[in-house]
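# Close look at the chain arrangement
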Amino acid sequence: MDADQETGVLREGFLVKRGHLVPNWKARWFVLKSDKLLYFKYEGSKKDSCQRGTILLKDCQIICPFLEYDNRPLVIKLHTKSGADHFLEACSREERDNWAEDITSAVTKLGVAGGDKGTDQDDPAGSQLNNINLSKVLDSMYDVHSGIKMSSHVHQGSTYSNCFSGSAVVDWLVFSQLALTRVEAMTLASALLEEGYLRTVGLKSAEALRAASLGEQFMDDSTALYSFADSLKKRGSVKAETSLSAVEMSGKVIKRGFLLKQGHRRKNWKVRLFVLRSQPAFLHYFDPSKDDVSPAGGFSLRGCLVSSLEDNGVPSGVKGNVQGNLFKIITQADTHYFIQAPSRQEKMDWIDAIRKHT
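Anyway, here's the lowdown on the structure attached to this text. Since we're looking at a predicted model, the values are computed, not measured.

## Remarks on the environment of Lys267
Mapped onto the fold, Lys267 is located in the loop between strand S12 (252-262) and strand S13 (269-278). Using a relative accessible area of 32% as the deciding quantity, one classes Lys267 as partly exposed. Placed 71 residues apart in sequence, Lys267 and Phe338 show a C-alpha to C-alpha distance of 9.7 Å. With residues near it in sequence (within four places) discarded, Lys267 still touches Gln262 and Lys319.

## A closer look at the nonpolar core
Membership of the largest hydrophobic core comes to 26 residues, with the highest contact counts inside it found for Phe14, Phe258 and Trp269. Elements represented by at least two residues in this core include exactly strand S1 (11-18), strand S2 (25-32), strand S3 (36-43), S12 and S13. Taken together, domain 1 (9-111) and domain 3 (251-356) each give at least three residues to this core, which thus spans both. Contact partners of Phe14, with chain neighbours within four places excluded, come to Arg28, Trp29, Tyr42, Phe258, Leu260, Val271 and Pro342. Counting residues in each nonpolar core, the second largest holds 24 residues, with Val22, Ala189, Leu193 and Phe228 among its members.

## Some words on the pairing of strand S6 (residues 75-79)
Across the five residues that make up S6, a large majority, four, are buried. Bridging between strand S5 (residues 61-66) and S6 involves four bridges; their strand directions are antiparallel. The residue bridging Ile62 from the neighbouring strand is Leu78, located in S6. Across five bridges, S6 lies against strand S7 (residues 85-89) in antiparallel orientation. In the strand pairing of S7, Lys77 is matched with Phe87. Counting the residues that bridge the hairpin from S6 to S7 gives five residues, and of these Gly83 lies at a positive phi of roughly 95°.

## A closer look at the pattern of salt bridges
What the rule picks out here adds up to 13 salt bridges. For the salt bridge of Arg11 with Glu95, the shortest nitrogen-to-oxygen distance reads 3.4 Å. Taken together, the residues Arg11 in strand S1 and Glu95 in helix H1 (residues 93-113) connect sequence positions 84 residues apart. Across the pair Arg11 and Asp102 runs a salt bridge, and its minimum N-O distance is 3.3 Å.

## Considering the sheet that holds strand S10 (residues 198-201)
Taking strand neighbours across the sheet as the criterion, the four strands line up as S8-S9-S11-S10 in an open arrangement whose pairing is antiparallel. Two strands bound the open sheet, and with one partner strand each, they are strand S8 (151-155) and S10. Neighbour to neighbour, the strand axes of the sheet diverge by 50° on average, direction disregarded. In this structure, strand S9 (residues 158-165) lies alongside strand S11 (residues 225-228), joined through two bridges in antiparallel fashion. Counted as the bridge partner of Ser165 is Leu225 from S11. Across the sheet, helix H3 (residues 166-175) lies against S9 and S11, angled at about 15° from S9, the strand it touches most. Those strands touched by helix H4 (residues 182-195) are S10 and S11, and its axis lies near 95° from that of S10.

## Points about the environment of Leu173
Relative to the assigned elements, Leu173 resides in helix H3. Through-space distance from the C-alpha of Leu173 to that of Met186 is 9.0 Å; in sequence the pair is 13 residues apart. Ignoring sequence-local partners within four residues, the contact set of Leu173 consists of Val137, Leu178, Ala179, Ala185, Leu188 and Ala189.

## Here we look at the sheet that holds S13
Strands pair in a sheet through their backbones, by hydrogen bonds, and they do so in one of two ways: parallel or antiparallel. In space, the seven strands of this open sheet follow the order S15-S14-S13-S12-S18-S17-S16, with antiparallel pairing throughout. Each of the sheet's edge strands pairs with one partner strand only, and the pair in question is strand S15 (297-300) and strand S16 (305-308). Neighbour-to-neighbour, the strand axes of this sheet turn through a mean angle of 30°, independent of strand direction. Direction of pairing for S12 relative to strand S18 (residues 336-340): antiparallel, over a ladder of two bridges. Note on S18: the bridge partner recorded for Leu260 is Gln340. Packing against the sheet, helix H6 (residues 344-355) makes contact with S12, S13, strand S14 (282-286), S16 and strand S17 (326-330), and its axis sits at approximately 160° to S16.

## Regarding the pairing of S9
Here S8 runs beside S9; their pairing, made up of four bridges, is antiparallel. If you follow Val154 over to S9, its bridge partner there is Thr159. Taken together, S8 and the strand that follows it, S9, pair antiparallel across an intervening segment of two residues, in which Gln156 is found at a positive phi of about 50°.

## Focus on the packing of aromatic side chains
Applying the stated criterion to the full structure yields eleven aromatic pairs. Note on Phe14 and Phe258: the rings are 6.3 Å apart at their centroids and 70° apart in plane angle, and the pair reads as edge-to-face. In this pair, Phe14 is assigned in strand S1 and Phe258 in strand S12, connecting sequence segments 244 residues apart. Side by side, Phe14 and Phe258 carry an identical accessibility label, which is buried. Measuring from ring centre to ring centre gives 4.0 Å for Phe218 and Tyr226, while their planes differ by 20°; the resulting arrangement is stacked. Counting every residue linked through ring pairs, the aromatic cluster contains Phe274, Tyr285, Phe299, Tyr337 and Trp350.

Each value, and the rule that gives it
- Residues numbered from 1 in each chain as written.
- Predicted model: local features only at pLDDT ≥ 70, side-chain atom pairs only at ≥ 80, totals over all residues.
- Heavy atoms only, no water.
- Helix = DSSP H or I, 4+ residues; strand = E, 2+ residues; numbered from the N terminus.
- Buried < 20%, exposed > 50% of the residue type's maximum accessible area, 1.4 Å probe, protein only.
- Contact = heavy atoms within 4.5 Å.
- Core = buried A, V, L, I, M, F, W, Y, C linked by side-chain atoms within 4.5 Å.
- Domains from an automatic or database assignment.
- Pairing = 2+ DSSP bridges.
- Salt bridge = Lys/Arg side-chain N within 4 Å of Asp/Glu carboxyl O.
- Axes fitted to C-alpha atoms, helices over the stretch in contact; angles between N-to-C directions.
- Phe/Tyr/Trp six-rings, centres within 6.5 Å; stacked < 30°, edge-to-face > 60°.

Structure (structure tokens):
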């Protein structure tokens, strides 16, 4: 994108970042400025509503392409002056190279100008939680015999069942030796919350999740309530595997990019990597925390209708305080997909590309 002279933004957009505390991959909104790279969790409609960290660029080393991840060929590695490593994945080779070029240019100018001194703010020093396996923590926590106990809690006149308090979770994590201190336990619980393994119950924990920074989202508090994600209730059920047709994945890739998609059941917005193919014309979307080999979903574009949605007000069928740049795809089977682009130009580019293949 073009530089924004008023705000000092040199480039902005989605990248997928590998976590420090937990080595998972998460889509984040990145903003490149002259001396630093900021990244945010894209909360609903707001690109910059929840800042996750800052990468200072002074004396930063850029490796592009970084090819040590076999299933992620589009990664850039940043090695900061403080010794922290950051791994950022783009949606395409063109995007990867453009980001690397702009970051390199910013670093070079800082070297010439003798930019601001400082230390990297992203990597928590001395943490014992690096490379911890969240799935194993969840399994232990969910164990019917040795896991955390669920019960009913009364808070501000309301009764909540099948939940536990934040302080009970911290107690259990320390007792189970999954964390050495209560601070580490809060950080680990925040990661479980961030990953969607836990959910907030009641107003107090929900407000903390919205307002706090990473590592502080989870409250060590007897009145802040949490529970397991709804999806865990179905654990152990047999789910029929749907085999993807090799034909629909064999077409030529026309366009790739990160867009937000509204879920069909929960109506929440998630960042997805969309891939448009032709001959045959299919649109697939992938969970960027995983890979671009196994789609989370997709559909044939034959007979689809695609339309731009106006930005004045919330269109019918759309949930949440969305920012605009919306479009809708109606498949031949009458399934409605609501999609949000980061900018109006990207919305129109996607609409044009899809219409050519319907």
